Each structure stands twice: as C-alpha cells, then as structure tokens.
Amino acid sequence: MSVPRVLFDEPGPRARARIRWCTVLGLVLLAGLLALALWQFGRNGQLARNRWAPFVQLSYLRFLADGFVGTIIATALGAVASFPLGMLLALGRLSRKRVPRWVATGYIELFRGIPLLLLIYAFLLALPRFGINLPILWKLVVPIVLVNTAVLAEIYRAGINAVDRGQFEAAVSVGLREGTAMRTVIMPQAVRLVAPALVTQLVALLKDSTLGYVVSYPELMKQGNNLTVYTHLLVQTYLIVALIYVVVNLALSRLAVLLERKVGTRVRRKVARSGGTGTPGPGQPLTTAGAPPTLA
C-alpha cells in the first residue's frame, strides 16, 4: 500500500504531457546556452590546448588537491561540531524549563539572522582587538559552527515534532524516564525522518567553506584564486574548481535521495503492516495523536 499524497494531486495525462514538453524545452534551452558559451570560449581562445595543458601537470593538480583537502578538513570539523550541538540546542528549545528554552531560542533566532560572512569578518577584524585571535582555520570553522548549529537545531526540532506523541507516552508508560525516552525512542526516529535534510545542510556547510578566502585559509576556492594569480588562466581554473564542487555536491545530494527513499520505504511498510489506518501492527508501540514531545 502506498502512502497517499497530501501536498499535490497526481498529474493527469495533460499535465504529464505539459511536464514532458517543458522538460524537453528546458533541456534544449540549456543545451543552447552551453553551446553559446563554448562558442564564445572558442572565439576568445579559451579552448586552446595550451590553456588547458597545465592542468594535467602534477604540480597543478597537487596544488588544487591541497585546497580540496583544506575544504574537507574545514567541512568535517564544522560538521562534527555542528551536528551534535544542533541536537542539544533543539532539545533545549523543547525543554519545559524556561531558562534553557529561552537561551536556546535566543541563540537560534540570533545566529539564524546573522550573515555568515559578517560573522567571519567579526572573528577576523573585531575580536583580535579584544585579545581573541584564533588560528586561521578556526576563524573560518567557528563562525560556520555558530550559524549551522542554529539551522540544524531547527531541523532536529522539526523531526522531533514529526514523531507521534504516542511514542513518547508509550515509552514513559513502560517505566522509562522522560530524558531516556527522548534519547532512546524519539531522537532515533526524528533523525531518520530528517536525514535527507541533514545531508542537504551538509552540502550547504561545504559551500560555506568557500568563504575561507576571507581569512586566507587555503581551501579549494582560495587555492584556485592563488593559481589564477600565477597562471592568469582564470576561466580554466574556476571551471575546474566549479566542476569539483559540483561532483562532490552531487554525490552528497545523491546520498540525500537514497536516504529519503529508504525512509519512505520504511514508512510505506509501516502503513502496510498497520492496514493503512494508523493502527499499530504486531510488536509496534501504541501511538496516539497529540502535541509533540517535550523534555522535562
């Protein structure tokens, strides 16, 4: 049994035909723009062999590889810090106690509204005047963590709110404490529900690392910029850098699609076991509709 669509109706024959024609038209326009760009590049000598030959040399590739490693390091550090802190912040905002709820809410609303670039400039120019002068890597990573933690907290909170209230009540009814029920019952389900959104945010975090040029951190974009200074091959360098980012982001986006399909398959199996009525099947916990769970 399939899960019914609630956001839009299934397109009919005419709508599917229009979608196909619009898709074909979009592909033709995209191919035309690509052909026009290649024609312009060829007209201005940008496709000449001597302008692309340096990028098969080991020294050039090693220089860009160092930048790619720098990007991965900054992204990994940002993700390792942001993801667990975002979860803690989401739990704080869902707390019944005023102080942690107000602190978490204030942090989220503040750092969701501050542009990341402005925050990086604050760590680069303002804070050193007060004796806070971090290493170059952390001048990039810390602002990324501050902003992405706030965004991830809202993603986690949405996942927790999507879990049925009955799951929490059933866990408490069998003797689990509220904190234990949240940690062992609610959070695993919430993370599975928002897994695609988490991967998408990881893609955004990867793109945030391109702001490393502000603090002169040698990530991929900065290395590409340095390369253009010495070679004056601006078009070729940035096209290769863009291609690397596209390949990495496509891989992460593909991972998000696979996770979404996996979660959807589990939901359909759950609906099928319950007969499509929301009634739990054998071995499933009782669930009832209600407000989202909160921490004591």
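Keep in mind it's a predicted model, so treat the numbers as computed, not measured.

(A) Representation of the overall build of the chain in the model. A tally of helices and strands in the chain yields 11 helices and zero strands. Secondary structure elements of the chain occur, N-terminal to C-terminal, as α-α-α-α-α-α-α-α-α-α-α. The buried share of the chain, taken over its 296 residues, is 33%. The long-range fraction of contacts in the chain, counting pairs at least 24 apart against all pairs at least 6 apart in sequence, stands at 76%. Carbon and sulfur atoms form 67% of the exposed surface of the chain, whose accessible area is close to 17,800 Å².

(B) View of the packing of helix H3 (residues 58-93) against helix H4 (residues 98-113). Between H3 and H4, the shortest axis-to-axis distance is 7 Å and the interhelical angle comes to 125°. Taken together, the axis directions place H3 and H4 in an arrangement best described as oblique. By crossing handedness, the relation of H3 to H4 is classed as left-handed. Together, Leu89, Gly92 and Arg93 of H3 and Pro100, Arg101, Ala104, Thr105, Tyr107, Ile108 and Glu109 of H4 make up the contact between the two elements. Its residues assigned to classes, the contact of H3 with H4 comprises five nonpolar, two polar and three charged.

(C) Summary view of the packing of helix H6 (residues 136-162) against helix H9 (residues 195-208). Axis separation between H6 and H9 bottoms out at 11 Å; the angle between their running directions is 160°. With respect to H9, the element H6 is oriented roughly antiparallel. For the crossing formed where H6 meets H9, the hand is right-handed. Counting all contacts with H6, which are made through Leu140, Ile144, Asn148, Val151, Leu152, Ile155 and Tyr156, the residues of H9 involved are Ala197, Leu198, Gln201, Leu205 and Asp208. Looking at the contact of H6 with H9 residue by residue, the classes come out as nine nonpolar, two polar and one charged.

(D) Geometry of the pattern of salt bridges. Within the structure shown, the criterion is met by four salt bridges. Notably, a salt bridge pairs Arg93 with Glu154, separated by 2.9 Å at the nearest N-O pair. Separated by 61 residues along the polypeptide, Arg93 in helix H3 and Glu154 in helix H6 bring together distant segments of the chain. Taken as a pair, Arg93 and Glu154 share a single burial class, namely buried. With a shortest N-O distance of 3.5 Å, Arg112 and Glu154 are connected by a salt bridge. With Arg112 in helix H4 and Glu154 in helix H6, this residue pair connects regions lying 42 residues apart in the sequence. Its relative accessible area of 46% is what places Arg112 among the partly exposed residues. A single network of salt bridges, built from pairs that share partners, joins Arg93, Glu109, Arg112, Glu154 and Arg157.

(E) Quick look at the packing of aromatic side chains. Enumeration according to the criterion identifies three aromatic pairs in this entry. When the centroid spacing of 4.5 Å and the interplanar angle of 40° are considered together, the rings of Tyr107 and Phe111 count as tilted. Taken together, the residues span about one helical turn, with Tyr107 and Phe111 both in helix H4 at a distance of four residues. For Phe111, a relative accessible area of 12% corresponds to the buried category.

(F) Main features of the nonpolar core. Core analysis: the biggest nonpolar cluster contains 29 residues, and Phe83, Leu116, Ile120, Leu140, Leu152, Tyr156 and Leu198 have the highest contact counts within it. Those elements that provide at least two residues to this core are H3, H4, helix H5 (116-126), H6 and H9. Looking at this core element by element, the count peaks at 10 residues for H6. Excluding residues within four positions of it along the chain, Leu152 makes contact with Ser82, Phe83, Gly86, Leu198 and Gln201. Listed in part, the 12 residues of the second largest apolar core include Val185, Ile186, Met187 and Ala190.

Rules used in this analysis
Residues numbered from 1 in each chain as written. Predicted model: local features only at pLDDT ≥ 70, side-chain atom pairs only at ≥ 80, totals over all residues. Heavy atoms only, no water. Helix = DSSP H or I, 4+ residues; strand = E, 2+ residues; numbered from the N terminus. Buried < 20%, exposed > 50% of the residue type's maximum accessible area, 1.4 Å probe, protein only. Contact = heavy atoms within 4.5 Å. Areas by Shrake-Rupley, 256 points an atom, 1.4 Å probe, with all protein chains shown as cover. Axes fitted to C-alpha atoms, helices over the stretch in contact; angles between N-to-C directions. Parallel < 35°, antiparallel > 145°, perpendicular 65-115°, else oblique. Left-handed = near helix turned anticlockwise from the far one by under 90°. Nonpolar A, V, L, I, M, F, W, Y, C, P; charged D, E, K, R; others polar. Salt bridge = Lys/Arg side-chain N within 4 Å of Asp/Glu carboxyl O. Phe/Tyr/Trp six-rings, centres within 6.5 Å; stacked < 30°, edge-to-face > 60°. Core = buried A, V, L, I, M, F, W, Y, C linked by side-chain atoms within 4.5 Å.

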